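Summary of the model geometry
Now for the letters of each chain:
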Amino acid sequence: MPEGHTLHRLARLHQRRFAGAPVSVSSPQGRFTDAAVVDGRVFTRASVWGKHLFHHYDGGPIVHVHLGLYGTFTEATVPMPLPVGQVRMRIVGAEYGTDLRGPTACELVDEAQVSAILDRLGPDPLRRDAEPDVALARIAKSRKAIGALLMDQRVIAGVGNVYRSELLFRHHIDPYRPGRDVGGDEFAEAWTDLVELMKVGVRRGKIVVVRPEHDHGAPSYRPDRPRTYVYRRAGEPCRVCGTPIRTAELEGRNLFWCPTCQV
């Protein structure tokens, strides 16, 4: 599932390519039935909160997109080729276009519905208006494992499995530690680190978490992915201490950690 930096990167791209001009919007597969409502309108801006992308149009309509596990945008120059596969939404501007496939959500909403979505979400580390104290308050009163809380979008919006696993490693936090046992200073340091890591993700288009002094030895878990400390490295030696990385399922998602470094 794409993490928050991917959505912010998409929003910046769509803002740059479409904002301020009318666009053609269609649904080649026919499932986005409200495409005609925004077709031909001026695309005013793109915004993001966590893993939720919003396309705002002149006159008030807003398209809400959540990519989910399989959603993806495919960018192209104009003229675009005929749609291939199940294209939920196609946007065509003067020079560029994009095809959306496989999202969990692609729907027309209004400002009240956007507010309802945002009310369910925690602070987004990549937003200037983020309030980390809100996340800390929710963590501090919970007995749930911090590894589960970090994946709860009601606590922090935009964090997925990679950032969750890597952030906890970088701050030597046992993923099974209860949230209420994570100190305020400890959380503040982790939040600051998370913000910087996600900003790097936006700039570079990929997650980069391994410090230069540890970026050697074992390759990435996939050739096209950056190296990680623990994510998808179960059974391999820790880059710092050599202990085999462990894995377990926590609330339906695979968790990775070093039992020596994270105590």
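Residues numbered from 1 in each chain as written. Predicted model: local features only at pLDDT ≥ 70, side-chain atom pairs only at ≥ 80, totals over all residues. Heavy atoms only, no water.

**Considering the sheet that holds strand β8 (residues 96-101)**
Counted only if it meets this: Pairing between two strands requires that DSSP report at least two bridges joining them. A run of DSSP states H or I qualifies as a helix once it reaches four residues; a run of E qualifies as a strand once it reaches two. Both are numbered from the N-terminal end. Whenever a helix is involved, its axis is fitted only over the stretch in contact; in every case the axis is a line through C-alpha atoms, and angles between N-to-C directions fall within 0 to 180 degrees. Throughout, a contact is declared for two residues whenever any of their heavy atoms are within 4.5 Å.
Taken in spatial order, the 4 strands of this open sheet run β2-β7-β8-β6, and their pairing is antiparallel. At either margin of the open sheet sits one strand with a lone partner, and together these are β2 (24-26) and β6 (72-77). For this sheet the average axis-to-axis angle between neighbouring strands, irrespective of direction, equals 15 degrees. In this structure, strand β7 (residues 87-92) lies alongside β8, joined through 5 bridges in antiparallel fashion. Across the sheet, M89 pairs through a bridge with L100, a residue of β8. Sheet strands touched by helix α1 (residues 4-18): β6, β7 and β8. Its angle to β6, the strand with the most contacts, is close to 30 degrees.

**Concerning the sheet that holds strand β5 (residues 62-66)**
Strand pairing within a sheet occurs via backbone hydrogen bonds; the two strands may be parallel or antiparallel. What the 5 strands build is an open sheet, ordered β1-β3-β4-β5-β9; its pairing is antiparallel. A strand with exactly one partner marks an edge of an open sheet, and here the two such strands are β1 (21-22) and β9 (105-109). Across 5 bridges, the pairing between strand β4 (residues 52-57) and β5 is antiparallel. Following the sheet pairing, H56 is matched in β5 by I62. Of the strands in this sheet, β1, β3 (42-49) and β4 touch α1, which is tilted by about 170 degrees from β3.

**Thoughts on unusual backbone geometry**
Between V78 and P79 the backbone carries a cis peptide bond, its omega angle lying at 5 degrees. Checked against the element boundaries, P79 lands in the loop between β6 and β7.

**Structural notes on the packing of helix α4 (residues 132-140) against helix α7 (residues 184-204)**
The following threshold applies: Here the word oblique covers every angle except those under 35 degrees (roughly parallel), over 145 (roughly antiparallel) and from 65 to 115 (roughly perpendicular). Crossing handedness is defined as follows: a turn of the near helix away from the far one that is anticlockwise and smaller than a right angle gives a left-handed crossing, while the clockwise case is right-handed. Gly is placed with the polar residues, together with every amino acid not listed as nonpolar (Ala, Val, Leu, Ile, Met, Phe, Trp, Tyr, Cys and Pro) or charged (Asp, Glu, Lys and Arg).
Look at α4 against α7: their axes get within 11 Å of each other, and the N-to-C directions meet at 135 degrees. With respect to their mutual orientation, α4 and α7 come out oblique. Considering how the two elements wind past one another, α4 and α7 form a crossing that is right-handed. Contacts between α4 and α7 involve P132, A135, L136 and I139 from the first element and G184, F187 and W191 from the second. When its residues are assigned to classes, the contact of α4 with α7 shows 6 nonpolar, 1 polar and no charged.

**Concerning the nonpolar core**
Counted only if it meets this: Buried residues of nine kinds, namely Ala, Val, Leu, Ile, Met, Phe, Trp, Tyr and Cys, make up a nonpolar core once their side-chain atoms join them within 4.5 Å. Three exposure classes are used, based on accessible area relative to the maximum for each residue type with a 1.4 Å probe and protein chains only: buried under 20%, partly exposed in between, and exposed over 50%.
Core analysis: the largest hydrophobic core is formed by 35 residues, its most contacted members being I146, I156, Y163, F169, F187 and L194. Mapped onto this core, the elements with two or more residues apiece are α4, α5 (146-149), α6 (161-170) and α7. The biggest single contributor to this core is α7, with 8 residues. The contact partners of Y163, leaving out residues within four places of it in the chain, are E3, H5, L194, L197, M198, G201 and I207. By size, the runner-up hydrophobic cluster in this structure holds 22 residues, among which are L10, V23, F43 and V48.

**Examining a positive patch on the surface**
Applicable threshold: Patch membership needs two things, relative accessible area over 30% and no salt bridge, and members are linked within 9 Å if like-charged or within 5 Å if nonpolar (Val, Leu, Ile, Met, Phe, Trp, Tyr). Note that accessible areas follow from Shrake-Rupley with a 1.4 Å probe, and for residues the cover is restricted to the protein chains shown. A pairing counts as a salt bridge when a side-chain nitrogen of Lys or Arg comes within 4 Å of a carboxyl oxygen of Asp or Glu. His residues and chain termini do not enter the charge count, which takes Lys and Arg as positive and Asp and Glu as negative. Positions of charges follow a simple convention, taking NZ of Lys, CZ of Arg, CG of Asp or CD of Glu.
Taken together, the side chains of R12, R128, R203, R204 and K206 present a region of like positive charge at the surface. Structurally, R12 can be placed in helix α1. According to the relative accessible area criterion, R12 is exposed, its value standing at 55%.

**Examining the pattern of salt bridges**
In total, this model carries 11 salt bridges according to the counting rule given. Two residues, D193 and R170, come together in a salt bridge whose shortest N-O distance is 2.8 Å. A residue pair is termed long-range when its members are at least 10 positions apart, and D193 in helix α7 and R170 in helix α6 qualify at 23 residues. Judged by its relative accessible area of 13%, D193 falls in the buried class. Judged by relative accessible area, R170 falls into the buried class, the value being 11%.

**Considerations on a nonpolar patch on the surface**
On the surface, a nonpolar cluster with roughly 370 Å² of combined accessible area is contributed by M1, L69 and Y70. Tracing the chain through its elements places Y70 in the loop between β5 and β6. Since its relative accessible area comes to 68%, Y70 is described here as exposed.

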